[in-house]
Amino acid sequence: MVVLTGKLTEGLLHAVGNSMNVALLRPDPDDGEGLEAAAGALRRAAGISSPYVLVAADPLQAVAAEWEAMWEIGAEPRGTTEFELRAGEALAAWRSNRFELPDYYLIAADEASPDERRPDFRLGPLRSVRPHRVAAVAAAEPAERAAAILTALSSLRHGPWWPPLEDIIGSARDFFPGSLG
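Rules used throughout
Residues numbered from 1 in each chain as written. Predicted model: local features only at pLDDT ≥ 70, side-chain atom pairs only at ≥ 80, totals over all residues. Heavy atoms only, no water. Pairing = 2+ DSSP bridges. Helix = DSSP H or I, 4+ residues; strand = E, 2+ residues; numbered from the N terminus. Axes fitted to C-alpha atoms, helices over the stretch in contact; angles between N-to-C directions. Contact = heavy atoms within 4.5 Å. Buried < 20%, exposed > 50% of the residue type's maximum accessible area, 1.4 Å probe, protein only. Arc of directions from axis to C-beta.

A closer look at the sheet that holds strand E2 (residues 22-25)
Part 1: Ordered by their spatial adjacency, five strands build an open sheet running E2-E3-E1-E4-E5, and the pairing between neighbours is parallel. In this open sheet, the two strands that pair with only one neighbour each are E2 and strand E5 (134-138). Geometrically, the sheet is characterised by an average inter-axis angle of 25° between neighbouring strands, direction not taken into account.
Part 2: Pairing of E2 with strand E3 (residues 52-55) involves four bridges; the strand directions are parallel. Within E3, the residue paired with Leu24 across the bridge is Leu54.
Part 3: Along the sheet, helix H1 (residues 10-17) makes contact with strand E1 (2-6), E2, E3 and strand E4 (104-109), crossing E2 at roughly 145°.
Part 4: The strands that helix H2 (residues 34-46) touches are E1, E2 and E3; relative to E3, the one it contacts most, it runs at about 170°.

Structure follows, in structure tokens:
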């Protein structure tokens, strides 16, 4: 099971979902929004038999958004309060077995120059704890991005399973963007 996140458009999801060996799941509106919708999609994905099951919903989306917001340079500095609230919600849901982390995270991104790169929770703290469980594809055009996603699926490497979510959140607290090359 792979969580697909990043620059996702309808055209991209359609192209990836039309691949014969890929099952693409989106959040069900009946599951609500945010964490609950992603958790529901992951539960449904667990029952699908397909070489690749892509889920276009991330249970850590709110955590990622608040971590990234802490590092935005802007007029109004943001603290860690919102990050800690979202992290607490995710931990409570994870501890109550409402979701498990996916096998992999695959991030679809636009090609960007090094000067345009922004802090990314999945490519920073999440990748730092399990480098082989997080992959990124970058392409300028949606068609190229779809092809890159399908290629990346076949090249995902095995590695140790995720540590407990508490450890991942803890590493995010201590992670400074730019600390990994």
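From this point, things continue past the structure.
Remarks on H1
Part 1: For H1, the full list of buried residues reads Leu12, Leu13 and Val16. Down the axis, H1 shows its buried residues gathered within 95° of arc, on one side only. The outward face of H1, more than 90 degrees from its buried face, is lined by the exposed residues Glu10 and His14.
Part 2: Considering only its buried residues, H1 is in contact with E1, E2, E3, E4 and helix H6 (142-154).

A word on the pairing of E4
Part 1: In terms of burial, E4 is a largely internal element, five of the six residues being buried.
Part 2: As paired elements, E1 and E4 share five bridges and run parallel to each other. The residue bridging Leu4 from the neighbouring strand is Leu106, located in E4.
Part 3: When E4 meets E5, the two strands line up parallel, connected through five bridges. What sits directly across from Tyr105, in E5, is Val134.

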